[in-house]
Amino acid sequence: YFPGLGEAIQAAEKYGDGPVYITDRVNQPYIFALFYTRTPPEDFTASVVYRNPRGAFRQAERFGRFVFDDPAGCPLRILPAWDSGGGEVLGRWGNYVLVKGDP
């Protein structure tokens, strides 16, 4: 349903170690990040920050180096290909681009 998102996430892993924003135009983007990075459950639970920690359906704001709520301060962003946000496009995979630069 989101062609290229997984490949963009995998490519972002190879660029430094700073935070990576994944567009909020994807439903539950943290699930894609977990799957494509093969993050161990222990690493996820140790670093996850939830927007609504007591909610029945918790929404992750971030875990590890991936951010899902606010791109501010993220030198890398995964965005829909039609909206690169004016940054330097490092690559395109399907419907997504990896962008370098502040939002």
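Shown above is the structure to which this text applies.
Values in this document were obtained by computation on a predicted structure and should not be read as measured data.

1. Thoughts on helix 2 (residues 29-37)
For helix 2, every residue scored as buried is listed here: P29, Y30, A33, L34 and T37. Projected down its long axis, helix 2 carries its buried residues within an arc of 145°, all on one side. Of the residues flanking the end of helix 2, it is R38, one or two places downstream, whose phi is positive at about 55°.

2. What to know about helix 1 (residues 5-13)
Listed in full, the buried residues belonging to helix 1 are L5, G6, A8, I9, A11 and A12. Where the residues of helix 1 are buried, they touch strand 1 (20-22), helix 2, strand 4 (66-67), strand 5 (76-80), strand 6 (88-93) and strand 7 (96-100).

3. Remarks on unusual backbone geometry
The phi torsion at Q28 lies on the positive side, around 55°, for a residue other than glycine. Inspection of the secondary structure assignment puts Q28 in the loop between strand 1 and helix 2. The residue R38 is not glycine, and still its phi comes out positive at about 55°. In this structure, R38 sits in the loop between helix 2 and helix 3 (41-47). In this structure R38 comes out as exposed when scored by relative accessible area, which is 69%.

About the criteria used
- Residues numbered from 1 in each chain as written.
- Predicted model: local features only at pLDDT ≥ 70, side-chain atom pairs only at ≥ 80, totals over all residues.
- Heavy atoms only, no water.
- Buried < 20%, exposed > 50% of the residue type's maximum accessible area, 1.4 Å probe, protein only.
- Helix = DSSP H or I, 4+ residues; strand = E, 2+ residues; numbered from the N terminus.
- Arc of directions from axis to C-beta.
- Contact = heavy atoms within 4.5 Å.

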